[in-house]
Amino acid sequence: MCPGALFIANQEQIGFSDGLHVWEIQWDANRGSAASVGVATNKSTLHATGYVSLLGLDDQSWAWDLGSCQLQHNGETGVFYPNVHENILSPDPQLIGTTYLKKRLTLRIILDMSRGTLAFEIDGQYLGEAFSNLPHQTLYPMITTVYGNSEITITYLGCFRNSSDSLQILCRRTILKSLNMKTASKDVDSLRVPPSMKRFLRVPLT
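Residues numbered from 1 in each chain as written. Predicted model: local features only at pLDDT ≥ 70, side-chain atom pairs only at ≥ 80, totals over all residues. Heavy atoms only, no water.

Remarks on the environment of Lys43
Within the element layout of this structure, Lys43 appears in the loop between strand S3 (36-40) and strand S4 (61-65). Between the alpha carbons of Lys43 and Leu139 there is a distance of 10.0 Å; along the sequence they are 96 residues apart. Not counting chain neighbours up to four residues away, the residues in contact with Lys43 comprise Asp58 and Gln60. (Helix = DSSP H or I, 4+ residues; strand = E, 2+ residues; numbered from the N terminus. Contact = heavy atoms within 4.5 Å.)

Side note on the pairing of strand S8 (residues 117-122)
Taking burial as the measure, the six residues of S8 include six buried ones, the bulk of the element. Of the two faces of S8, both are covered, the one formed by Thr117, Ala119 and Glu121 as well as the one formed by Leu118, Phe120 and Ile122. Summarising the sheet, strand S7 (residues 105-112) and S8 pair through six bridges and their orientation is antiparallel. Its bridge partner lying in S8, Leu107 is registered against Ile122. The turn linking S7 back onto S8 is made up of four residues, and Gly116 within it adopts a positive phi angle of 70°. (Buried < 20%, exposed > 50% of the residue type's maximum accessible area, 1.4 Å probe, protein only. Pairing = 2+ DSSP bridges.)

Re the pattern of salt bridges
If you walk through the whole model with that rule in mind, you get three salt bridges. One salt bridge in this structure joins Glu121 and Arg108, with 3.8 Å as the shortest N-O distance. With a gap of 13 residues between them, Glu121 in strand S8 and Arg108 in strand S7 connect regions that are remote in the sequence. For Glu121, a relative accessible area of 8% gives the class buried. One salt bridge connects Glu129 with Arg115, and the closest N-O pair in it is separated by 2.9 Å. Placement of the pair is Glu129 in strand S9 (residues 125-131) and Arg115 in the loop between S7 and S8, with a sequence separation of 14 residues. (Salt bridge = Lys/Arg side-chain N within 4 Å of Asp/Glu carboxyl O.)

Structural notes on the environment of Ser33
Relative to the helices and strands, Ser33 is located in the loop between strand S2 (20-27) and S3. Put simply, Ser33 and Thr145 are 112 residues apart on the chain and 7.7 Å apart in space, counted from C-alpha to C-alpha.

Quick word on the packing of aromatic side chains
Using the criterion set out here, one finds six aromatic pairs in the structure. Here the aromatic rings of Trp23 and Tyr156 are separated by 5.4 Å at their centres, their planes lie at 45°, and the arrangement is tilted. With Trp23 in strand S2 and Tyr156 in strand S11 (residues 152-160), this pair connects stretches of sequence that are 133 residues apart. We classify Trp23 as buried; its relative accessible area is 2%. With a centroid separation of 5.3 Å and 40° between ring planes, the pair formed by Trp64 and Phe120 is classed as tilted. Here the residue Trp64 occupies a position in strand S4, and Phe120 occupies one in strand S8, the gap between them amounting to 56 residues. Note on accessibility: Trp64 and Phe120 belong to one class, buried. Here the aromatic residues Phe16, Trp23 and Tyr156 are joined through ring pairs into a cluster of three or more. (Phe/Tyr/Trp six-rings, centres within 6.5 Å; stacked < 30°, edge-to-face > 60°.)

Here we look at the environment of Arg31
On the secondary structure map, Arg31 appears in the loop between S2 and S3. For Arg31, a relative accessible area of 5% gives the class buried. The spacing of Arg31 and Arg104 is 73 residues in sequence and 9.2 Å in space, taken between C-alpha atoms.

The quantities given are spatial measurements derived from coordinates; they are silent on function.
This is how it looks when you write it as structure tokens:
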């Protein structure tokens, strides 16, 4: 593997512009210094010199850096994720990169093109929305790593498309649209509904 190498699945097979999609990633503890996950268009930067995280380097990709636990888009960083004030995870996000993520993990990418949002889940724990207002373009799940011995498995778990949405999914979408997209996770917590309903609103069915 070359420094700054980007590993992606076949774009023609996995790109989506509508519906709600979930991928599961199995990643061992050896992830290197530029490990990140996210989504990108087919115009995103695929090559760079040195040990850099290509994902989030331009305005065509959106990334979560697993080392620093910061979000990156258009080359800009500094926003920690998860945000402990709006999401479920309680530890200080600056500690996550040095403790919780320094192990083999099961991570899910949750792309909701009906709402234009990107979220993540780690070991069954939903972390809340990382990005909102994603463009209405075809987006692809992507992973970056510069560590030559990384072992990564990505599995597509399924989708819900507008053309075949069940009444359950339509109700979910209607409720979420009534909430403030920037504080949706916090708003869901305040709803007077059973815990099982809150889990359904936070995480797509798989």
